Structures are given as C-alpha cells and as structure tokens.
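Secondary and tertiary structure notes
Each chain, letter by letter, is given below.
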Amino acid sequence: MRNILFLCTGNSARSIMAEAYMNHAGAGRWRAFSAGSTPTGKVNPFALETLIAHGVAPPETLLSKSWDEFAGADAPVMDVIVTVCDNAAGETCPVWPSQGGMSPQKLHWSFPDPAAVEGDDANKRAAFEAVFADIRAAIDAFLSTPDS
C-alpha cells in the first residue's frame, strides 16, 4: 500500500476532504493522511457534513493536525505529497522536505478555500459541495492513471 499526504494551511476543509475521499476511493491501494502547516485544530463542520452526505469517512476519524506529525523518524514514509491550496487566491502553500533521504512525488491541486466563503449556511454548503466535487474529480483522475 502506498501513502499520500494532502497538505494545506489550516487542515480543516480541503485537505481533510481529500484525505477522506482518497481513503474511500483508493482503499486497498492508498492510505491517505492530511495535515496543515498552521492547523486550526478542528475540522470544519461543513466539511464533515459534505463527507457524510456523500457516504465518505466516519467523521470521528478525521482530525485537524500539524504536518509535524508526519515529519518525525517514526512517521509513515510518503510516496506522494499533494498541496491543495489555491495559488490564485494568493495562499501560501506549505513546502514538504525530503524524508529519510527519499523524495516523494509532489503535486499541486489548486482548490479555492470553501471555509473562506461568507454568507449564509446555504452559500457555505454550496461552496463545500463544489470544492468536494473538484477534489473527487482530481482524485478519481489520479487513481485512473496506470501507475497509481
């Protein structure tokens, strides 16, 4: 089984949804994790609601955590690192160093931050739904490649 780490800044929405969906869609082939450079410490409730609506991941398994958890000697070695920040919005994406002399494949998938959407709950739900659809499409495309 190969390991993939989804990185973002806050680890409360995009990277959490990517972790959950990859563990769902890539089960048996991929083990997904997520982390943030400056984690919020809590998963956005709209991210959880979106995942539950799509039958993905038991919410109690999802935690907002620091990427420091994956930088230690006893951490799982990552095969792929994916940043999911939105460069178009001027977000600073975290940079992952080599781990134990190994350099994982690094990818960047730009998704707008649904947690930054303002307005009523309907607007927020729509933003999370749209970003989840984009994450699902990116992961499905990734999984359909012959080397994944």
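All figures in this text were calculated on a predicted structure; none of them were measured in a lab.

Turning our attention to helix α1 (residues 14-25). With twelve residues, α1 should cover 16 Å at 1.5 Å per step; its first-to-last C-alpha distance of 16 Å lies within 8% of that length. With respect to burial, α1 is a largely interior element, nine of its twelve residues being buried. All of the buried residues along α1 are R14, S15, I16, M17, A18, E19, A20, Y21 and M22. Where α1 is buried, its residues touch β1 (2-8), β2 (30-36), α2 (45-53) and α3 (121-143).

Before going further, it helps to spend a moment on the sheet that holds strand β4 (residues 105-108). With parallel pairing, the four strands of this open sheet are ordered in space as β2-β1-β3-β4. Where the open sheet ends on each side, the last strands, each with one partner, are β2 and β4. For this sheet the average axis-to-axis angle between neighbouring strands, irrespective of direction, equals 20°. Sheet analysis places β1 next to β2, joined by seven bridges and oriented parallel. Residue R2 lies in a different strand from β2, and its bridge partner there is W30. Across the face of the sheet, α1 comes into contact with β1 and β2 while running at roughly 170° to β2.

Turning to the packing of α2 against α3, a few remarks are in order. Running from N to C, α2 and α3 cross one another at 60°; their axes reach a closest spacing of 10 Å. Classed by the angle they form, the pair α2 and α3 counts as oblique. α2 and α3 meet at a crossing whose hand is right-handed. Two secondary-structure elements touch here, α2 through F46, A47, E49, T50 and L51 and α3 through D121, K124, R125, F128, E129 and F132. Of the residues belonging to the contact of α2 with α3, the class tally is five nonpolar, one polar and five charged.

Taken as a class, soluble globular proteins show a tendency for nonpolar side chains to be buried jointly. Membership of the largest hydrophobic core comes to 31 residues, with the highest contact counts inside it found for I4, F6, M17, M22, L51, I139 and F142. Elements with a minimum of two residues in this core: β1, α1, β2, α2, β3 (80-83) and α3. With seven residues, the single largest contributor to this core is α3. With residues up to four places along the chain from it excluded, the contact list for M22 reads I4, F6, A27, W30, A32, I139, F142 and L143. By size, the runner-up hydrophobic cluster in this structure holds eight residues, among which are L5, L7, W67 and I81.

Right, let's talk about the packing of aromatic side chains for a bit. Enumeration according to the criterion identifies six aromatic pairs in this entry. Relative to F132, the ring of Y21 lies with its centre 5.8 Å away and its plane at 90°, an arrangement referred to as edge-to-face. One end of the pair, Y21, is in helix α1; the other, F132, is in helix α3, and 111 residues separate them in sequence. Accessibility assignment for this pair places Y21 and F132 in one class, buried. Clustering of aromatic rings is evident, with ring pairs tying together F6, W30, W109 and F142.

The next subject is the pattern of salt bridges. Following the criterion strictly, the structure yields three salt bridges and no others. The salt bridge involving R14 is made with D113; its shortest N-O contact spans 3.8 Å. Of this pair, R14 sits in helix α1 while D113 sits in the loop between β4 and α3, and the two are 99 residues apart along the sequence. Judged by relative accessible area, R14 falls into the buried class, the value being 4%. Where E19 meets K65, a salt bridge forms, and the shortest distance between an N and an O atom there is 3.7 Å. Taken together, the positions of E19 in helix α1 and K65 in the loop between α2 and β3 put the pair 46 residues apart, joining distant regions of the chain. The exposure class assigned to E19 is buried, which follows from its relative accessible area of 7%.

Reading the values: rules and limits
- Residues numbered from 1 in each chain as written.
- Predicted model: local features only at pLDDT ≥ 70, side-chain atom pairs only at ≥ 80, totals over all residues.
- Heavy atoms only, no water.
- Helix = DSSP H or I, 4+ residues; strand = E, 2+ residues; numbered from the N terminus.
- Expected span 1.5 Å × (residues − 1).
- Buried < 20%, exposed > 50% of the residue type's maximum accessible area, 1.4 Å probe, protein only.
- Contact = heavy atoms within 4.5 Å.
- Pairing = 2+ DSSP bridges.
- Axes fitted to C-alpha atoms, helices over the stretch in contact; angles between N-to-C directions.
- Parallel < 35°, antiparallel > 145°, perpendicular 65-115°, else oblique.
- Left-handed = near helix turned anticlockwise from the far one by under 90°.
- Nonpolar A, V, L, I, M, F, W, Y, C, P; charged D, E, K, R; others polar.
- Core = buried A, V, L, I, M, F, W, Y, C linked by side-chain atoms within 4.5 Å.
- Phe/Tyr/Trp six-rings, centres within 6.5 Å; stacked < 30°, edge-to-face > 60°.
- Salt bridge = Lys/Arg side-chain N within 4 Å of Asp/Glu carboxyl O.

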